[in-house]
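Commentary on secondary and tertiary structure
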Amino acid sequence: NREEFVPRIGTEETKQLIDSINNLLIEFNNVENWRKQMMEDLTHELRTPLTSVLTRLEAIIDGVYPKTEKNLQDIYEEVERFSRLVSDLQQLSEAEGARFKLKIRKVSVDQLVRGVYEGFLFIAKQRKIKMHFNPPNMPCTAYIDPDRMIQVITNILSNALKYTAPGGDIWLSIEIQEDSFIFYCQDNGIGISEDELNLVFNRFYRIDKSRSRDYGGSGIGLSISKALVHAHGGQIGVKSKFEKGSIFWVEIPIDNQLVSLEGQRKSTE
Ligand code: ADP
């Protein structure tokens, strides 16, 4: 019977089909725009250090730039910065990529944060900055990717250390909510002005390029953190007062079983 082979699509189904095709197209355009923007940013960011190194090496070969230890050291540091930038970029493109998968485990959040905190005590002492850790009043377990979460906390904490003067303080704390936890990192450092607050999570954004450069910053750390937090279904934000200090916060769902199953499946592949 020929009639059986005629697809019976009603108006509602047709509408749904058109909607899904449109959504796919929007998604495709977003990915395409992201790719284009990424290429533009990349070319711009990579060209500057590369040109600087090439010009100086050429000048040495031509004999117009003395081959002193200091000059060679400067070139070496520039190449090191370049190499750091490339590995940051690799991480960013992985974390923002559509196929990025977390390796979810059941983790004690307070122990994880304490581990990062203890790892930074020595460098904080060297920089004469006091660090304080305020653990939650009860244990907090969550389904998260521990390595990625350590990366986020490390990035926020190392920024706090970079942008706080000697004699300053950094406070870490964890707040447990009904179905999420919030990690806070507060400092009384240089702060961020209001109009730049939302920009710090954009890739390659540095408030004061020359100052960040002294610390080897490429303005990618917070965009990697944002991508990792979003991959966990969480949120990241900052409150700050210029010249007074900043509070970075990260809120992560505690029990994301769906993400967890995905991650487990992927990690056993
Ligand atoms: P960078 O590698 O330059 O530190 P990030 O993406 O980690 O890049 O940070 C982006 C910018 O946000 C930094 O260049 C800095 O200007 C600003 N920033 C980040 N954390 C802090 C902080 N705790 N206090 C003041 N400014 C900060």
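Conventions we followed
- Residues numbered from 1 in each chain as written.
- Predicted model: local features only at pLDDT ≥ 70, side-chain atom pairs only at ≥ 80, totals over all residues.
- Heavy atoms only, no water.
- UniProt positions renumbered as here; feature names shortened; annotations may be inferred.
- Helix = DSSP H or I, 4+ residues; strand = E, 2+ residues; numbered from the N terminus.
- Contact = heavy atoms within 4.5 Å.
- Areas by Shrake-Rupley, 256 points an atom, 1.4 Å probe, with all protein chains shown as cover.
- Buried < 20%, exposed > 50% of the residue type's maximum accessible area, 1.4 Å probe, protein only.
- Near = heavy atom within 4 Å.
- Polar contact = N/O pair within 3.5 Å; in protein donor to acceptor, adjacent residues only side chain to side chain.
- Nonpolar A, V, L, I, M, F, W, Y, C, P; charged D, E, K, R; others polar.
- Pairing = 2+ DSSP bridges.
- Disulfide = S-S within 2.5 Å.
- Patch = residues over 30% accessible without salt bridge, like charges linked within 9 Å, V, L, I, M, F, W, Y side chains within 5 Å.
- Salt bridge = Lys/Arg side-chain N within 4 Å of Asp/Glu carboxyl O.
- Axes fitted to C-alpha atoms, helices over the stretch in contact; angles between N-to-C directions.
- Left-handed = near helix turned anticlockwise from the far one by under 90°.
- Expected span 1.5 Å × (residues − 1).

As annotated in an unreviewed UniProt entry, the protein carries the name histidine kinase and is attributed to Lederbergia galactosidilytica. Quoted verbatim from the Catalytic activity (unreviewed entry) field of the UniProt record, the comment on the protein reads "ATP + protein L-histidine = ADP + protein N-phospho-L-histidine." The annotation that UniProt attaches to the protein under Subcellular location (unreviewed entry) is "Cell membrane".

Here we come to the overall build of the protein. Within the protein, the secondary structure is distributed over seven helices and seven strands. Look at the contacts in the protein between residues 6 or more apart in sequence, and 72% of them connect residues 24 or more apart. Accessible area for the protein stands at about 17,000 Å²; split by element, carbon and sulfur atoms hold 54% of it.

Quick look at unusual backbone geometry now. Trans is the prevailing form of peptide bonds, just as negative phi is the prevailing case for residues other than glycine. A positive phi angle is found at Lys-128, which is not glycine, with a value near 55 degrees. Tracing the chain through its elements places Lys-128 in the loop between helix 3 (109-126) and strand 2 (130-134). A relative accessible area of 61% places Lys-128 in the exposed class.

Right, let's get into the site of the ligand. In the vicinity of the ligand lie 23 residues, with Asn-159, Lys-162, Tyr-163, Asp-187 and Leu-222 positioned nearest. In this structure, an oxygen atom belonging to the ligand sits 2.9 Å away from a side-chain N or O atom of Asn-159. Contact distances for the ligand include 2.8 Å between an oxygen atom and a backbone N or O atom of Leu-222. Surface burial for the ligand is 98%, taken as the share of its 540 Å² of free accessible area covered by protein chains. Among the secondary structure elements, those contributing two or more residues to the shell around the ligand are helix 4 (146-162), helix 5 (209-214), helix 6 (221-231) and strand 7 (245-253). Its residues assigned to classes, the shell around the ligand comprises ten nonpolar, nine polar and four charged.

Let us now look at the pairing of strand 7. Two strands pair when backbone bridges link them, and strand 5 (residues 180-187) and strand 7 are joined in this way by eight bridges, in the antiparallel orientation. Residue pairing in the sheet places Cys-185 in a bridge with Phe-248 of strand 7. Looking at chain direction, strand 6 (residues 235-241) and strand 7 are connected through seven bridges and run antiparallel. Across the sheet, Gly-237 pairs through a bridge with Trp-249, a residue of strand 7. Between strand 6 and strand 7, which pair antiparallel and follow one another directly, the connecting turn spans three residues, one of which, Glu-243, has a positive phi of 65 degrees.

Buried residues dominate strand 5, accounting for six of its eight residues. Sheet topology note: the strand 4 (residues 169-176)/strand 5 ladder contains seven bridges and is antiparallel. Residue pairing across strands places Glu-175 opposite Ile-182, the latter belonging to strand 5. The antiparallel pairing of strand 4 with strand 5 creates a hairpin that spans three residues between the two strands.

The next subject is the state of the cysteines. In total, this model carries zero disulfides according to the counting rule given. Of all cysteine sulfurs, the one in Cys-185 lies closest to Cys-140, which takes part in no disulfide; the gap is 17 Å. Using a relative accessible area of 1% as the deciding quantity, one classes Cys-185 as buried.

Along helix 6, the residues that are buried comprise Leu-222, Ser-223, Ile-224, Ser-225, Ala-227, Leu-228 and Val-229. Turning to helix 6, the residues buried within the fold contact helix 2 (69-96), helix 4, strand 6 and strand 7. Of the residues flanking the end of helix 6, it is Gly-233, one or two places downstream, whose phi is positive at about 75 degrees.

All right, on to a nonpolar patch on the surface then. A surface patch of nonpolar side chains, about 280 Å² in accessible area, is lined by Leu-17, Ile-21 and Leu-25. With respect to the secondary-structure elements, Leu-17 resides in helix 1 (residues 11-61).

Okay, the packing of helix 4 against helix 6 next. Two packed helices can be described by the angle between their axes and the distance between those axes. Interhelical geometry of helix 4 versus helix 6 gives an angle of 145 degrees and a closest axis separation of 9 Å. Crossing geometry of helix 4 relative to helix 6 is assigned as left-handed. On helix 6, the residues that touch Arg-148, Gln-151, Val-152, Asn-155, Ile-156 and Asn-159 of helix 4 are Gly-221, Leu-222, Ile-224, Ser-225, Leu-228 and Val-229.

Once that is clear, we can look at the environment of Leu-50. Relative to the helices and strands, Leu-50 resides in helix 1. Each C-alpha atom of the pair Leu-50 and Met-39 lies 16 Å from the other, and the pair is eleven residues apart in sequence.

What follows is about helix 4. Across its 17 residues, helix 4 extends 24 Å between first and last C-alpha, which sits within 8% of the 24 Å expected from 1.5 Å per residue. Buried within helix 4 are the following residues: Met-149, Val-152, Ile-153, Asn-155, Ile-156, Leu-157, Asn-159, Ala-160 and Leu-161. At the N-terminal end of helix 4, a side-chain oxygen is found 3.3 Å from the backbone nitrogen of Asp-147, two or three residues along, and the residue is Asp-145.

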